[in-house]
Amino acid sequence: MNAGVYLDHCATSPLRPEARAAMAAAFDVTGNPSSVHASGRAARARLEEARARVAILAGASPASVTFTSGGTEANVLAIRSAVAAGARRLLISAIEHDCVREAALASGVETVEVPVRPEGIIDLGALEALLDAPSAAGGPVFLALMAANNETGVIQPTREAAERVRAAGGWLHVDAVQAAGRTPVELDVLGADSLALSAHKLGGPQGIGALVAGPRTRIFRDMPGGGQEQGRRAGTQNLIGAAGFGAAVEAALASPRPGPGARDVAAAAFADAGALVVGATAPRLDDVLCIATPDLPSEIQVMGLDLAGVQVSAGAACSSGKVRPSRVLEAMGLGDLAGCAIRLSGGWSTRSEDWRIAVETWIDLKTRRQSRRHPAAA
Ligand code: PLP
């Protein structure tokens, strides 16, 4: 067994040392950011410093950043805001995270899924057709399209989608939870009107994220209570979390990105050994890899690798514990293979060595399983 390989950054990334240090320092700040006395002002200053860092990541003004409890709340708040703004039909891509899908389905307004093509990219033709056929219920157009998918790493053409949504006078919400820290996620670059971010996917703490809302959007006051976050989200802010989030963002923006080299070498080795690389022909995040292998169920791979010290995940692992066939891979037309997929995802602490160990361990697992199933052939 090796010393331990963690290739599950898409589930959560290890805490960056910069985030840990900023949080440790914030523990010593006593004040409530809403208090007017000196301690309160000191707390407020730290909160605003963190907000300014998140704003730089999103290419937005600090005033457009609303801290939330994470990516889930940011997405839910965007959808509720769209409904509050009068949207009577929500368009969401077929590969959105469960939090987007569930929030849309629970919103009480018509929800239509925009299909993806087999390589995992939204079908822009289908989007156009939906935009041309206005909802019987009327109201402004809303589309939720993630920047990059959490299971395949496939990058979505948000700018192209934005052109179409803008032409219809609509609102494009982009879930940038996985893309942030890996690719540029400024509102302008993505063509987004609003953006969901989560600290723990880029080396910050769990339990904090942000909804960034550009000038064309209005955030609905979802949480009753005090006037925090400009009245958009009541409740005393999570100062320690925000400090860690801001520091992680700053560190992510300052770190060179390693490029896809190590992932691509691993992908080629997996493919040589009989795996299908999901979304291989699509632009993907550099350090995310989804493979599907006939007759090798996801849970066998995840558990076998774990026993050998390599941690990866299957399907939408962030709903946790359970390994179930992936809705995203089914939407890409993988059929039964959707139950045979695993995701390997690196991040700021990953060494290229980790990818090599993962490949070797997986080939060993596959060979052992094959020889148990077909002893004569071994
Ligand atoms: N959106 C995407 C694409 C995700 O991958 C996740 C978590 O895996 C979320 C949203 C939810 O983020 P959080 O865990 O911060 O609530």
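Each remark here, short or long, concerns the structure printed above.
**Q** Just give me the short version of the pattern of salt bridges, but keep the residues and values in it.
**A** Summed over all chains, the structure comprises 20 salt bridges. Where glutamate 229 meets arginine 51, a salt bridge forms, and the shortest distance between an N and an O atom there is 2.8 Å. In this pair, glutamate 229 sits in the loop between strand S8 (209-213) and helix H8 (239-254) while arginine 51 sits in helix H2 (residues 38-58), placing the two residues 178 residues apart along the sequence. Pair check on accessibility: glutamate 229 and arginine 51 agree, each one buried. In this structure, aspartate 98 and arginine 327 form a salt bridge, with 2.8 Å as the shortest nitrogen-oxygen distance. You can see aspartate 98 sitting in helix H4 (residues 98-105) and its partner arginine 327 sitting in helix H11 (residues 327-331), a full 229 residues away along the chain. Salt bridges sharing common partners tie together Arg44, Glu48, Arg51 and Glu229.

**Q** Which residues make up the packing of helix H1 (residues 17-27) against H8, and what are the values?
**A** Between H1 and H8, the least distance of the axes is 8 Å, while the angle of their chain directions is 150°. Relative to H8, the element H1 lies roughly antiparallel. Relative to H8, the crossing made by H1 is right-handed. From H1, Glu18, Ala19, Ala22, Met23, Ala26 and Phe27 reach across to H8, where they touch Ile240, Ala243, Gly244, Ala247, Ala248 and Ala251. Partitioned by chemical class, the residues of the contact of H1 with H8 number 10 nonpolar, 1 polar and 1 charged.

**Q** Kindly report on the packing of aromatic side chains, identifying the contributing residues and their values.
**A** This model, assessed by the stated rule, comprises 3 aromatic pairs. Measuring from centroid to centroid gives 5.6 Å for phenylalanine 142 and tryptophan 171, while their planes differ by 70°, and the two rings are edge-to-face. Of this pair, phenylalanine 142 sits in strand S5 (residues 142-144) while tryptophan 171 sits in strand S6 (residues 171-175); the two residues are 29 residues apart in sequence, bridging distant segments of the chain. There is no split in this pair, since phenylalanine 142 and tryptophan 171 are both buried.

Definitions and cut-offs
Residues numbered from 1 in each chain as written. Predicted model: local features only at pLDDT ≥ 70, side-chain atom pairs only at ≥ 80, totals over all residues. Heavy atoms only, no water. Salt bridge = Lys/Arg side-chain N within 4 Å of Asp/Glu carboxyl O. Helix = DSSP H or I, 4+ residues; strand = E, 2+ residues; numbered from the N terminus. Buried < 20%, exposed > 50% of the residue type's maximum accessible area, 1.4 Å probe, protein only. Axes fitted to C-alpha atoms, helices over the stretch in contact; angles between N-to-C directions. Parallel < 35°, antiparallel > 145°, perpendicular 65-115°, else oblique. Left-handed = near helix turned anticlockwise from the far one by under 90°. Contact = heavy atoms within 4.5 Å. Nonpolar A, V, L, I, M, F, W, Y, C, P; charged D, E, K, R; others polar. Phe/Tyr/Trp six-rings, centres within 6.5 Å; stacked < 30°, edge-to-face > 60°.

Everything listed here is a matter of geometry and, on its own, says nothing about what the molecule does.
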